[in-house]
Amino acid sequence: MYGIVNKAIEDLVTENFGFPAWESVKKQSGIELDFFVSNESYDDSVTYKLAMAASEVLKMPLEQVLIAFGEFWVLKTGKEKYGSLMEAGGNNLREFLTNLPNFHTRVSLIYPNLSPPEFKVTDSTEKSLHLHYFSHRPGLQEFVRGLLQGLGKMYNESIFIELIASRDNGSDHEVFRVSW
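Here, residues in each chain are numbered from 1, in the same order as that chain's written sequence. Two thresholds apply to this predicted model, a pLDDT of at least 70 for residue-level local features and 80 or more for giving and counting side-chain atom pairs, whereas whole-chain, interface and lining totals are computed over all residues. Side-chain calculation: all heavy atoms of the structure are included, whereas hydrogens and water are not.

**Overview of the overall build of the protein chain**
Applicable threshold: For helices the rule is a DSSP run of H or I covering at least 4 residues; for strands it is a run of E covering at least 2, with both sets numbered from the N terminus onward. To get the radius of gyration, use the C-alpha atoms; to get the globule rule, take the number of residues to the power 0.38 and multiply by 2.2 Å. Only heavy atoms enter the contact rule, under which two residues are in contact if any of them lie within 4.5 Å. Accessible surface area values rest on a Shrake-Rupley calculation with a 1.4 Å probe, where residue burial reflects the displayed protein chains alone. A residue counts as positive if it is Lys or Arg and as negative if it is Asp or Glu; His and the chain ends are not included. Charged side chains are reduced to one point each, which is NZ for Lys, CZ for Arg, CG for Asp and CD for Glu.
The number of helices and strands found in the protein chain is seven helices and four strands. Computed over C-alpha atoms, the radius of gyration of the protein chain comes to 16 Å, within 12% of the 16 Å expected from 2.2 N^0.38 for 180 residues, which places it in the range of a compact globule. Overall, the C-alpha framework of the protein chain stretches about 45 × 35 × 30 Å when taken along its three principal axes. The long-range fraction of contacts in the protein chain, counting pairs at least 24 apart against all pairs at least 6 apart in sequence, stands at 60%. Accessible area of the protein chain: about 9,400 Å², with a carbon and sulfur share of 50%. Charge separation in the protein chain, taken as the distance between the mean sites of 17 positive and 24 negative side-chain charges, equals 2 Å.

Structure representation (structure tokens):
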């Protein structure tokens, strides 16, 4: 993953728990880098180690860390780093989610070696849709849940998210039913 992802984990921890907590996360993870370069590619294991270490240091279940990170990504990192791209995603939650399959195509222009997940929208109604999440990276469905929660907050929508299919239960991808 790109350094911007790891830097966002650092920002999440330092802004919510302080710099000493981040130092503990780095030490626990075994990552011996002083900083992350946003447009440099890092092995996925770095990100996974940071998330696991944050879970241990902050005494939070990993799922909670991933959800918090997803929300932070939308509300802080996304707005700061991709402001115009986020705004171009749609005028409301439904439009943004409907346009989400094209989002990473635009981000790939910034990060040419990006290996993003894919999204597909089905069963779309005025108040709900099914969001299909395809990724070669395992275990990040709660991060996606956090992204969705962050988007709900961004658009001031009260949303309900239900994981209706998962690789953990034999599916080849995750499917979220998102209602608002």
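After that view, the rundown keeps rolling.
**Some points on the packing of helix α4 (residues 62-81) against helix α7 (residues 141-154)**
As a reminder, the rule being used: The angle between two axes is taken between their N-to-C directions and runs from 0 to 180 degrees, where each axis is a line fitted to C-alpha atoms and a helix contributes only its stretch in contact. Roughly parallel means an angle under 35 degrees; roughly antiparallel means over 145; roughly perpendicular covers 65 to 115; every other angle is labelled oblique. Here a crossing is taken to be left-handed if its near helix is turned anticlockwise relative to the far helix by less than a right angle, and right-handed if that turn runs clockwise. Polar here means any residue outside two lists: the nonpolar Ala, Val, Leu, Ile, Met, Phe, Trp, Tyr, Cys and Pro, and the charged Asp, Glu, Lys and Arg; Gly therefore counts as polar.
Remark: α4 packs on α7, axes separated minimally by 7 Å, with the N-to-C direction vectors making an angle of 45 degrees. Taken together, the axes of α4 and α7 lie oblique to each other. In the crossing of α4 with α7, the sense of the turn from one axis to the other is right-handed. On α7, the residues that touch Glu63, Leu66, Ile67, Phe69, Gly70, Glu71, Trp73, Val74, Leu75 and Lys79 of α4 are Glu142, Phe143, Arg145, Gly146, Leu147, Gln149, Gly150, Leu151, Lys153 and Met154. Across the contact of α4 with α7, the residue classes break down as 10 nonpolar, four polar and six charged.

**Brief notes about the side chain of threonine 47**
Assignment of secondary structure puts threonine 47 in helix α3 (residues 44-58). Non-local contacts of threonine 47, meaning those with residues more than four positions away in its chain, are made with Met1, Val5, Asn6 and Ile9.

That's the geometry; what it means functionally is another story.
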